[in-house]
Amino acid sequence: MGKGGFYISKAVGVVAILLGAAAVATIIALSVVYAEEKSKNEVKPTEAPTTAAPTSAAPSNEPWDKYRLPDTLMPEYYNITLWPRLQRNESGIFIFTGKSFVVFKCLQATNLILIHSNKLNYTKFDEHHATLTGIDDPNPPTINTTWLKLETQFLVIQLKGNLLHGKSYRLDTEFVGELADDLGGFYRSEYSEDNVTKVVATTQMQPTDARKAFPCFDEPAMKAVFHITLIHDNETKALSNGKEIDTKNIEGNLLSTTFEPTERMSTYLLAFIVSDYDSIEQQDDVLVTIRIWARKKAIADGHGEYALNITGPILQFFQKYYNASYPLSKSDQIALPDFNAGAMENWGLITYRETALLYDPQVSSNGNKERIATVISHELAHMWFGNLVTMKWWNDLWLNEGFASYVEYLGADHAEPTWNIKDLIVLGDVYRVFAIDALASSHPLSSREDEINKPEQISELFDAISYSKVSSLFVFDICCINITYLNHFAYNNTVYTDLWDHLQTAADTSGVELLHPVRDIMDRWVLQMGFPVVTINTATGTVSQKHFLLDPDSVVTRPSEFNYQWYVPIKWMKTGIEQEKVYWLQQKEDKNDNMSVNGNDWLLANLDVTGYYRVNYDNDNWERLLAKLTENHTEIPVINRGQILDDSFNLARAKIVSTTLALRTTKYLYNETEYIPWQVAINNLDYFILMFDRTEVYGPLQAYLGKQIKPLWDHFTQITDNWTKVPDNHMDQYNEVNAIKIACSTGFKDCQDLVKYWYTQWMQNPNDNPIHPNLRSTVYCSAIAEGGDKEWNFGWEMFQNASIASEAEKLRAALACTKYPWLLNRYLEYTLVPKIIRKQDATSTIIYIANNVVGQPLAWDFVRARWDDIFSQYGGGSFSFSNLINGVTKRFSTAFELRQLEQFKKDNAGTGLGSGTQAVDQSIERTKANMKWVAENKASVLQWFTTESG
């Protein structure tokens, strides 16, 4: 699955910060629970009949009261026929009907069949929910009783005799489900085209919603072959994982489309879609059919062309990288108006949000284009790593997502080699995960299997740890594992130790010398949470490591068999000369005489941030690095200029170095024009804004930022010919946005006049937008922040009329930038009205509002007051609950706010916090750390900014 459910542009994200907004993490949108129907024909979960086992106050040990399937049965293949209705029935709801059977083998004799089922209403056969026949057992047992276990989402079938070991059986069912707008399982998405509302029937199975579409053994290791048939109106098209092999007319206005059997695969990778979409297609060099599907107008306007043009080259790159052919005959990619994630790697039919697949050069920014390239690359990487070879259970989710997050940059770099996009892995992944993994409430990459059982526990795993941490841990060339690992486990499942074994084989075969076995090295990074700070004393050559905690007073309660020590690879340079040999720190403290320096020499470790750790130095070396930045910053690699900034600020928060030392690293920015250092500085100064934008520190802070940004503003004024041209370089285009947003937010009259002029021009002629797509997020936000209800209402009208999803996204974010509380409160109310704000965008909109210093208390009050509604309407298993809680509490830094947060946890102990449980604990931990940091640093920070802004 893609890393983010919505894309917050670099422009709006930081403009909102500098206008008094919190930093926004990428968020996965809401997954909505089943809405109860209102008539006798409604599709309802069936209550357990009186034949169900009696309940007891003591914990039950019955198999149906556990969340995991027993290891007695294994599916071999399914045959599924589904008919989604794209019009409401007489009861006013959308439904689908289905028939399915599964052939399974008995691995251990048993008289019980458990198969997952959720929110399906069954046709009864002799008072039973299913029928059972034998394939190679002529005398199969008869059914004794059946019922639905709602809590654990099982269809329970108790038999009068045993299924026989080694024999195969067939289980048939007929059922009805609601084609709800809940973004999970088999659901509906709606959009308007030519003033006509159209409906798409589509799917999102990951992680545990295939059971909402048909009864199935819904665990990753329960791989099977799927035979899919879809019944649909003849003016629509049907898609699934395999190629269409037959379409025929049946009764009335209906078609029946059958697809080729899938490869052996997990249920969460299934997809089936019915729509009236159009497509464009081409074949790559190995005759794989590539198709891009979208709304007819989007295809006609050419918005799928970019995705089509880069898919073939990325597929070919991965075939070479993995040294393995693409496993399927076609690659369909489809853009959906309503989708709960950024994208989903369904094998052969990848689903996307429109913003992650469709590109319009007249409207889309360079950031939109980059997102499309990286998301496509991420999903295509899964076709091998994740789909062909799949983790056995969700505790090893990182095997799928972490690797895809790493190689997405490689595939995108192949498609767009001039972007130097691989340099952005540090910003996009490393620093992203550092923020979470430095908390005492973090978690290891790989949890114990028995710790992850419930759907909401599975959903909690879809976080930055699973997606981004691995990107920094692959210190080996992973492409060398493909021949052994992918081929050995093709169409099967693995645990993480299988990867280490094959990495070891690859290292041994290629003659790579390792200080320790791969398993010994990597287990320290995978089985224990967090990461080290490496401290180098350049006076003595002493090198040491310590578990890095953002709050040094926090207590780590999770034990580690490795005592929170790691094997740390250190690439380093001395006075501008890169040292050839990687140094491995293998213990808590060591000595390396080569790392001692004197005079004007300086040392820099973790070159290009290829290692997953932070670096601290003795004070003299810090001073030499600061002097070098001032004298000639280009002698330090650009990624490491960003690293010096990021490490120093985070070390200061952890009380390892002084806060003023961290602030001093920003002084050289007066002469910096590169994007990465500026973006790192903005990200870190955001924390100061979060902590101080309601205090007397904020004025001097803004004045200092304005002083530092002036040369960058002048630089881009010159190279863009007074803002009339677009910089050629991809990174320069990003930094141009930084120059505008910081200049405007800190009160540059030239900037504010320019933004106001552009926005006013647009208001006067709404059909001719003069603002370049790269700058729109920044300009919209700045203009709405400085304007009143007239500017807001115009932005709202443009949002409602936007036909391009990326443009609507920019406007939706910018509308949260207003300083008027009544507008923000009204906007908050809109988030729970799906006809106004799509369900997929609800939580991200609330977070956008919370970014605004004016909107943050409003958003927090709204979440608390409406929590029961949010929880019941959107479901506790949603990925986005954790992001919502983190998003509205990031600014918390007072005892009053801490009490509110603790009371919120207490008040919802009964109904629960679902997948947000861990986020509440993290927010409490973060708030306590913020309180201490503010108390200890406010006075010195105020003095420093006051002095330096003069």
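About the cut-offs
- Residues numbered from 1 in each chain as written.
- Predicted model: local features only at pLDDT ≥ 70, side-chain atom pairs only at ≥ 80, totals over all residues.
- Heavy atoms only, no water.
- Pairing = 2+ DSSP bridges.
- Helix = DSSP H or I, 4+ residues; strand = E, 2+ residues; numbered from the N terminus.
- Domains from an automatic or database assignment.
- Contact = heavy atoms within 4.5 Å.
- Buried area = accessible area lost by both parts, 1.4 Å probe.
- Disulfide = S-S within 2.5 Å.
- Buried < 20%, exposed > 50% of the residue type's maximum accessible area, 1.4 Å probe, protein only.
- Salt bridge = Lys/Arg side-chain N within 4 Å of Asp/Glu carboxyl O.

### As for the sheet that holds strand E27 (residues 577–578)
Part 1: Judged by pairing direction, the sheet is antiparallel, and its three strands sit side by side in the order E27-E26-E30 without closing on themselves. Both outer strands of the open sheet, E27 and strand E30 (603–605), are each paired with one neighbouring strand and no more.
Part 2: Where strand E26 (residues 572–574) lies against E27, two bridges are found, and the strand directions are antiparallel. Its bridge partner lying in E27, Met 573 is registered against Glu 578.

### A few points about the domain arrangement of the chain
Note: interface size is frequently given as the accessible area lost on complex formation between the parts.
Part 1: If you check the domain split of the chain, you get domain 1 (62–276), domain 2 (278–527) and domain 3 (531–640).
Part 2: Using only C-alpha atoms to locate each centre, domain 1 and domain 2 end up separated by 27 Å.
Part 3: Listed as interface residues are 38 residues of domain 1 and, on the opposing side, 46 residues of domain 2.
Part 4: Summed over both partners, the interface of domain 1 with domain 2 comes to about 3,700 Å²; 58% of that surface belongs to carbon and sulfur atoms.

### Structural notes on the side chain of Thr 173
Part 1: Along the chain, the position of Thr 173 falls in strand E8 (residues 168–178).
Part 2: Apart from the residues lying within four places of it in its own chain, the contact partners of Thr 173 are Gly 98, Lys 99, Ser 100, Tyr 122, His 129, Ala 130, Leu 155 and Pro 215.

### Focus: the state of the cysteines
Part 1: One pass over the full model with this rule turns up two disulfides.
Part 2: One disulfide bridge connects Cys 744 with Cys 751, the sulfur atoms lying 1.9 Å from each other. Between Cys 744 and Cys 751 the sulfur-sulfur dihedral comes to about -95 degrees; the bridge is accordingly left-handed.
Part 3: Cys 751 sits in the buried class, given a relative accessible area of 0%.
Part 4: Paired through a disulfide, Cys 781 and Cys 817 show a sulfur-sulfur distance of 2.0 Å.

### Looking at helix H19 (residues 776–786)
Part 1: Counting buried residues in H19 gives 10 out of 11 residues, a clear majority hidden from the surface.
Part 2: All buried positions along H19 are accounted for by Arg 776, Ser 777, Thr 778, Val 779, Tyr 780, Cys 781, Ser 782, Ala 783, Ile 784 and Ala 785.

### Comments concerning the pattern of salt bridges
Part 1: Taken as a whole, this structure holds 49 salt bridges when the rule is applied.
Part 2: The closest approach of N and O atoms between Asp 332 and Lys 330, which form a salt bridge, is 2.7 Å.
Part 3: For Asp 332, a relative accessible area of 0% corresponds to the buried category.
Part 4: Linked through salt bridges whose partners overlap, the residues forming this network are Asp 551, Asp 553, Lys 655, Lys 932 and Glu 936.

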